[in-house]
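# Working through the structure, step by step
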Amino acid sequence: MKINKFSHISTFMGMETSYEDADVVVFGAGFDGTTSNRPGTRFASSAMRPELYGLETYSPILDLDLEDFKICDIGDLELSIGNTDKVLEEIYIGTKEIVNDNKVPFMIGGEHLVTLPAFKAVHEKYDDVFVIHFDAHTDLRQEYNNNENSHATVIKRVWDIVGDNRIFQFGIRSGTKEEFEFALKDKHTYMEVETINTFKDIINKLDGKNIYITIDLDVLDPSIFPGTGTPEPGGVTYREFREIFTILKESNINIVGLDIVELSPDYDSTNVSTVVACKILRELSLVAADNIKK
């Protein structure tokens, strides 16, 4: 599969740099084939593009502007919806091309399973990469619905690749007893339950390291972010969550890949969830692009 580097119907505001000149490449991966509760994440990126125009290119929190960076939105990957294995391969190939072109991939899902092939492509170039994971759910099951490749198993599949002491999970508040024991008792991952208070400490410990960031947007409380397939009460507020952007900006980590997943826009008729997702996209894009300039 070849990435379309030259044309697409619409782009995110402030992300109109050509592919060849870009440092950060944003793309959609609209797949929700293993969703077990409420489907609809395949529509996330297409819903987000027009909503970003309601915001600004400038972030006062970060004092950074999209117009000052080389960011390209290449649109959505063409995926073989209905064939999970083929979709995973297509996302892997698309991400790998971006990585091989020495650019930072920023994927918009889609359900959380789309992280797996994107991360595989990044890991092949940066085999010493660490994973920062924000989520309401552990996603550490060995299988779910008789399927080892699922939105509920994705972080376990990532662990299969990187092993212990490489995955740092924040905001987790839902999962099986076995999943929590895998992380907390057996210490296969670092897990902060319900909150994100230790994020700065962990980032400081990862000084100078290669980092992949995956954000399941249901880490936010459903009172703020109802537009998701598996809302889980007890999440963080946006005001709490935005601290991660300034922490990342001030850090000395090397961001080599990112994704945000699990926006299901049709479950929030106000479109507020979509706007929140757009703001997180803007802040993270700025952080990633600024990180390259350091």
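Check the entry above for the structure.
Predicted, not measured: the structure shown is a model, and the values here were computed from it. (Residues numbered from 1 in each chain as written. Predicted model: local features only at pLDDT ≥ 70, side-chain atom pairs only at ≥ 80, totals over all residues. Heavy atoms only, no water.)

Both trends apply: most residues other than glycine have a negative phi, and most peptide bonds are in trans. Omega for the bond connecting Gly109 with Gly110 falls within 30 degrees of zero, at 15 degrees, which places this linkage in the cis form. Considering the arrangement of structural elements, one finds Gly110 in the loop between strand S5 (104-109) and helix H3 (115-125). In this structure, Asp63 takes a positive phi of about 55 degrees despite not being glycine. Tracing the sequence through the fold places Asp63 in the loop between strand S2 (58-59) and strand S3 (64-65). You will see that Asn102, though not glycine, has its phi angle at about 60 degrees, which is positive. According to the relative accessible area criterion, Asn102 is exposed, its value standing at 61%. (Helix = DSSP H or I, 4+ residues; strand = E, 2+ residues; numbered from the N terminus. Buried < 20%, exposed > 50% of the residue type's maximum accessible area, 1.4 Å probe, protein only.)

A few words on helix H8 (residues 243-250). Listed in full, the buried residues belonging to H8 are Ile244, Phe245, Thr246, Ile247 and Leu248. On its buried face, H8 sits against strand S6 (130-134), helix H6 (199-205), strand S9 (210-216), helix H7 (238-241) and helix H9 (272-293). (Contact = heavy atoms within 4.5 Å.)

Moving on to empty space enclosed by the protein. Tallying each qualifying case throughout the model produces 1 cavity of 30 Å³ or more. A volume near 30 Å³ is recorded for the largest cavity. Of the residues contributing to the lining of the largest cavity, the split by class is no nonpolar, 5 polar and 2 charged. (1 Å grid on protein atoms, 1.4 Å probe; cavity = no way out; pocket = protein on both sides within 12 Å on 5 of 7 lines; lining within 4 Å. Points joined across faces, edges and corners; volume = space filled by probe spheres on them. Nonpolar A, V, L, I, M, F, W, Y, C, P; charged D, E, K, R; others polar.)

The next thing to look at is the sheet that holds strand S7 (residues 167-172). The strand order across the open sheet built from 8 strands is S4-S1-S5-S10-S9-S6-S7-S8, with neighbouring strands paired in parallel fashion. Lying at the two open borders of the sheet, with one neighbouring strand each, are strand S4 (71-76) and strand S8 (190-193). Averaged over all adjacent pairs, the angle separating strand axes in this sheet is 15 degrees, with direction ignored. Against the sheet, helix H4 (residues 154-162) contacts S6 and S7, and its axis sits at roughly 160 degrees relative to S7. (Pairing = 2+ DSSP bridges. Axes fitted to C-alpha atoms, helices over the stretch in contact; angles between N-to-C directions.)

The next thing to look at is the pairing of strand S1 (residues 24-29). Of all 6 residues that make up S1, 6 are buried, and the element is covered over most of its length. Neither face of S1 is left uncovered, since the one carrying Val24, Val26 and Gly28 and the one carrying Val25, Phe27 and Ala29 both have all their residues buried. Note that S1 and S4 share 4 bridges and pair parallel. Paired with Val25 across the bridge in S4 is Cys72.

Note that Asp21 resides in the segment before S1. With 49 residues separating them in the primary sequence, Asp21 and Lys70 have C-alpha atoms 6.8 Å apart. Contacts of Asp21, omitting those with residues within four sequence positions, involve Lys70 and Lys103. Among the polar contacts made by the side chain of Asp21, one reaches the side chain of Ser18 at a distance of 3.2 Å. (Polar contact = N/O pair within 3.5 Å; in protein donor to acceptor, adjacent residues only side chain to side chain.)

Centre distance and the angle of the planes are the two values used to describe a pair of aromatic rings. Across all of its chains, the model carries 10 aromatic pairs by this definition. The interplanar angle of 55 degrees and the centroid separation of 5.3 Å between the aromatic rings of Phe134 and Phe199 together place this pair among those described as tilted. Of this pair, Phe134 sits in strand S6 while Phe199 sits in helix H6, and the two are 65 residues apart along the sequence. The pair Phe134 / Phe199 is uniform in exposure class, with both members buried. Plain terms: the ring middles of Trp159 and Phe182 are 5.1 Å apart, the flat faces sit at 80 degrees to each other, and that makes the pair edge-to-face. Of this pair, Trp159 sits in helix H4 while Phe182 sits in helix H5 (residues 177-185), placing them 23 residues apart in sequence. We note that Trp159, like Phe182, is buried. Among the aromatic residues, those joined into a ring-pair cluster are Phe130, Phe134, Phe168, Phe170, Tyr190, Phe199, Phe241 and Phe245. Positioned above the aromatic ring of Tyr267, the side-chain terminus of Arg38 is 4.2 Å from the ring centre. We note Lys103 situated over the ring of Tyr19; from NZ or CZ to the ring centre the distance is 5.2 Å. (Phe/Tyr/Trp six-rings, centres within 6.5 Å; stacked < 30°, edge-to-face > 60°. Lys NZ or Arg CZ within 6 Å of the ring centre and 35° of its normal.)

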